[in-house]
Amino acid sequence: MQLSSIPLAVVIIVVVLAVALFVRVWVPLMDTKEQKVKIGVAAAAGLVAINVGGVVKFGWPLKTALAYYAVIIVAFAIGALGHSTSIRAVASREAAEGPSKDNQMSGLLIIQIFAVMVALFFLGGWLFEDF
């Protein structure tokens, strides 16, 4: 199947659902309103960065840039599963003490997010010839 054959509206709906999943997973894990806003801003900034960078700098088709963004944002949502306690602990410490190099997400969380991202990119490449 060709990604280019899918209507842009369908790709946009997929991106909206991906962002909704990301926000649904990450916002409840944050401790303060400021942290919750940062999660939303991170999702929006990622969308802008990947699309502007991909389309303008690298010449990707818009659908490809949107698909890559959806993969990345879904990987962060799925990758967080099973780590809610540690994510909440980091968010609570940051709310109480401020940002610190000693207060970081666990290595296992980072590895899980990366592994999910790689798996989703392979799946996209398998499903779509022009991914």
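Parameters at a glance
Sequence order as written defines the numbering, with residues in each chain counted from 1. Totals for whole chains, interfaces and linings use all residues, but because this is a predicted model, local features are given only for residues with pLDDT of at least 70 and pairs of side-chain atoms are given and counted only at 80 or more. Here the side-chain values reflect all heavy atoms present in the structure, with hydrogen atoms and water set aside. Buried Ala, Val, Leu, Ile, Met, Phe, Trp, Tyr and Cys residues form a nonpolar core when they are joined through side-chain atoms within 4.5 Å. Throughout this description, buried means an accessible area under 20% of the type-specific maximum (1.4 Å probe, protein chains only), exposed means over 50%, and partly exposed covers the range between. To qualify as a helix, a DSSP run of H or I must reach at least 4 residues; to qualify as a strand, a run of E must reach at least 2; elements of each kind are numbered from the N terminus. Patches were defined on residues exceeding 30% relative accessible area and lacking a salt bridge, with like-charge contacts within 9 Å and nonpolar side-chain contacts (Val, Leu, Ile, Met, Phe, Trp, Tyr) within 5 Å. Per-residue accessibility takes into account occlusion by the displayed protein chains alone, with areas from the Shrake-Rupley method and a 1.4 Å probe. When a carboxyl oxygen of Asp or Glu lies within 4 Å of a side-chain nitrogen of Lys or Arg, that pair is called a salt bridge.

A. Structural view of the nonpolar core. Membership of the largest hydrophobic core comes to 33 residues, with the highest contact counts inside it found for Trp26, Met30, Ile73, Ile87 and Phe131. In terms of residue count, the dominant contributor to this core is helix α3 (residues 62-79) (10 residues).

B. Quick peek at a nonpolar patch on the surface. Together, Leu8, Ile12, Val16, Val48, Val52, Val55, Val56 and Leu62 give the surface a local cluster of nonpolar side chains, amounting to about 660 Å² of exposed area. The set of elements that each furnish at least two residues to the nonpolar patch consists of α1 (8-26) and α2 (33-57). Looking at which element gives the most residues to the nonpolar patch, the answer is α2, with four residues. Mapped onto the elements, Val55 comes out in helix α2.

C. Structural detail: the environment of Ile110. Summarising the element assignment, Ile110 is placed in helix α5 (residues 107-127). On the basis of relative accessible area, Ile110 is assigned to the partly exposed category, the value being 48%. Expressed as a C-alpha distance, the spacing of Ile110 and Val27, which sit 83 residues apart in the sequence, is 18 Å.

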